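The lines below spell out each chain.
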Amino acid sequence: MLTLFTINTCKSFGCRNLGLPLSASIDYSWPDYRLGFPALHCRACGSYTPLFDEQQYNEWLSAHLKAYASEKGYFCPECYNLKTICYGYNPQRTQRVQCRACRKVWTPKRQTKSKIVPPERIETVPLIVPFQGSSAEQKLYVLFSLDADRGTVLHISTNFTPHASGETLRYHWCGNIEPDLPHSDIVNRVDMREMQFLQRSQFDEIQYGSAALKRNARGVILRPVIAVHGHFRVLNILFPQVKTHVISHECFLRGAVITAWADLFRQREGELWFIEEEINEAENDIPWTFLRTTQHGWWQSQWQLWVQGKNRKMACPLTGGDRSNAKILSLTASRYFIHWLYKQTKFTHSAKLSAGRVTQVLLALAHDYNDKMTR
Ligand SMILES: [Zn+2]
Ligand SMILES: [Zn+2]
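Residues numbered from 1 in each chain as written. Chains lettered and ligands numbered in written order. Predicted model: local features only at pLDDT ≥ 70, side-chain atom pairs only at ≥ 80, totals over all residues. Heavy atoms only, no water.

Asks: How should the overall build of the protein chain be read in this particular structure?
Replies: Along the backbone of the protein chain there are eight helices and 16 strands. With respect to the three principal axes, the spread of C-alpha positions in the protein chain is 65 × 55 × 45 Å. Looking at the protein chain residue by residue over its 375 residues, the buried ones come to 53%. Considering only contacts within the protein chain whose residues lie at least 6 apart along the sequence, 63% involve residues at least 24 apart. For the protein chain, the exposed area adds up to about 18000 Å²; of that, 51% sits on carbon and sulfur atoms. (Helix = DSSP H or I, 4+ residues; strand = E, 2+ residues; numbered from the N terminus. Buried < 20%, exposed > 50% of the residue type's maximum accessible area, 1.4 Å probe, protein only. Contact = heavy atoms within 4.5 Å. Areas by Shrake-Rupley, 256 points an atom, 1.4 Å probe, with all protein chains shown as cover.)

Shown next, in the form of structure tokens:
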């Protein structure tokens, strides 16, 4: 199987098995039930990562990648190669594209002339968005990735999928939402979120609210961790060389990024950061000052606390790299985008729309936003 589809792998930074599939390491044993769920144990680093049903994941991911590629035309829907050439026109004057690797010819549904410029840094944050399902106020798990410097949206995923998906990939709401973290001190908040990860049935099993589709609706609501892995696989095909990732504090975002760019991280050529922010003054150009370092959670990760007037941020380097970089890292691009989203009535009325429709509306709004940004 292509490494593109690897999901069961050691996800520890610094481990020689990082990103290697099950068949490629003698250090692996599975399934291991020591933590109460089926896990992959890596003897080299001692980690236990939740196991996925690989066949179900592969089936869904290939449908997902194919649909993205057929829609946009940035890479080949068959072999995912990025090298494509324009290949004449259809009778309706729509552009056809050919893959230079496997010679597949197809017509992208959305005809875009502009190539996306590879970002230096990708910023990724989740957002919970209401939709109309079997009853009112059902919730979608949405993930946004933005170019941190240009501010444009690179990719949006929701955990609604129109594709067939195996039972183990589906989200099951158990009725207990993770409590919202009170607006207490930012350092406490990091600590409490780390505690929430441990209270889950497994680290990647977030319970974010009810998400039942309308009766007889087409499609499936996926476990957020599956949608997140699919999200970063698309970005990894588009931008295999991006070196810096900034993500919200969520352990399965870390796992998905480190898996998708495992080759770069194994060679210590990438940087991955958790960032938490408390922004009280949006327009502030005082430089950030480093205050102190604290350790948090099961993994005893090192977090730096920075201040800027009334603003505070916490930064956690997950893959080494230059620690002083924290000064310039932020979640500013996504904050601006989300602020803009909440001013769009199409978005604020999402609770009246189906999950599939909300997904389309988000994609269309991201398109409008990018137009506005580049103009
Ligand atoms: Zn390992
Ligand atoms: Zn191809």
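Text resumes after the structure shown.
Asks: Sorry, what's going on with the coordination of the zinc ion (ligand 2) here?
Replies: Ideal donor angles around a metal are set by the shape: a four-donor tetrahedron calls for 109.5 degrees, a six-donor octahedron for 90 or 180 degrees. At this site the zinc ion (ligand 2) is bound by Cys76 (SG), Cys79 (SG), Cys99 (SG) and Cys102 (SG), with donor distances of 2.3 Å. One can describe the donor arrangement at the zinc ion (ligand 2) as tetrahedral, given that its four donor atoms subtend angles of 102 to 119 degrees at the metal. In the primary structure, the donors to the zinc ion (ligand 2) are separated according to the pattern C-x2-C-x19-C-x2-C. Of the residues examined, Cys99 reaches a relative accessible area of 0% and is grouped as buried. (Donors = N, O, S within 2.8 Å, 3.2 Å for Na, K, Ca; no water. Tetrahedral: all angles 85-135°; square planar, octahedral: opposite > 155°, others 65-115°.)

Asks: Just checking my understanding: could you explain the sheet that holds strand E8 (residues 138-147) for this structure?
Replies: Two orientations exist for strands paired in a sheet by backbone hydrogen bonds: parallel and antiparallel. In space, the eight strands of this open sheet follow the order E9-E8-E7-E12-E13-E16-E15-E14, with mixed pairing throughout. The sheet is open, and its two edges are formed by strand E9 (153-158) and strand E14 (289-296), each paired on a single side. Each strand of the sheet is rotated relative to its neighbour by a mean of 25 degrees, with strand direction disregarded. Both strand E13 (residues 271-278) and strand E16 (residues 311-317) contribute to a ladder of six bridges, which runs antiparallel. Its bridge partner lying in E16, Glu277 is registered against Lys313. Of the strands in this sheet, E13, E14, strand E15 (301-308) and E16 are in contact with helix H2 (residues 186-199), which crosses E13 at around 125 degrees. (Pairing = 2+ DSSP bridges. Axes fitted to C-alpha atoms, helices over the stretch in contact; angles between N-to-C directions.)

Asks: For this particular structure, what's the right way to read the coordination of the zinc ion (ligand 1)?
Replies: Taken together, the protein donors to the zinc ion (ligand 1) comprise Cys10 (SG), Cys15 (SG), Cys42 (SG) and Cys45 (SG), at separations of 2.3 Å. Around the zinc ion (ligand 1) sit four donor atoms, and with donor-metal-donor angles ranging over 101 to 118 degrees the site reads as tetrahedral. Sequence positions of the residues that donate to the zinc ion (ligand 1) give the spacing C-x4-C-x26-C-x2-C. The exposure class of Cys42 is buried, given its relative accessible area of 1%. For Cys45, a relative accessible area of 34% translates into the label partly exposed.

Asks: How should I be thinking about the domain arrangement of the protein chain in this particular structure?
Replies: By a widely used convention, the size of an interface equals the accessible area lost when the partners come together. Domain annotation for the protein chain reports domain 1 (3-51), domain 2 (55-106) and domain 3 (121-374). Computed from C-alpha atoms alone, the centre-to-centre distance between domain 2 and domain 3 is 27 Å. Tallying the contact residues gives 13 residues for domain 2 and 19 residues for domain 3. A buried area of about 1300 Å², summed over both sides, lies between domain 2 and domain 3, and 74% of it is on carbon and sulfur atoms. The largest contributions to the domain 2 side of the interface with domain 3 come from Gln56, Tyr57 and Trp60, which together make up 46% of the buried area. Seen at the junction of domain 2 and domain 3, the total is zero salt bridges. Class assignment for the residues of the side of domain 2 that touches domain 3 results in 11 nonpolar, two polar and no charged. (Domains from an automatic or database assignment. Buried area = accessible area lost by both parts, 1.4 Å probe. Salt bridge = Lys/Arg side-chain N within 4 Å of Asp/Glu carboxyl O. Nonpolar A, V, L, I, M, F, W, Y, C, P; charged D, E, K, R; others polar.)

Asks: Before we go on, may I ask you to explain the packing of aromatic side chains in this structure?
Replies: Two aromatic rings, taken as a pair, are described by how far apart their centres are and by the angle between their planes. Within the structure shown, the criterion is met by 16 aromatic pairs. Judged by centre distance (6.3 Å) and plane angle (70 degrees), the ring pair of Phe232 and Trp261 falls under edge-to-face. Separated by 29 residues along the polypeptide, Phe232 in helix H3 (residues 224-238) and Trp261 in the loop between helix H4 (251-260) and helix H5 (262-266) bring together distant segments of the chain. Residue Phe232 is classed as buried on the basis of its relative accessible area, which comes to 0%. On the accessibility criterion, Trp261 (2% relative accessible area) is buried. Arranged with centres 4.9 Å apart and planes meeting at 55 degrees, the rings of Trp340 and Tyr369 form a pair that is tilted. You can see Trp340 sitting in helix H6 (residues 332-341) and its partner Tyr369 sitting in helix H8 (residues 355-374), a full 29 residues away along the chain. Over the ring of Trp288 we find Lys313, and its NZ or CZ is 4.5 Å from the ring centre. For Lys313, the ring lying beneath its charged end belongs to Trp306, and the centroid distance is 5.9 Å. (Phe/Tyr/Trp six-rings, centres within 6.5 Å; stacked < 30°, edge-to-face > 60°. Lys NZ or Arg CZ within 6 Å of the ring centre and 35° of its normal.)

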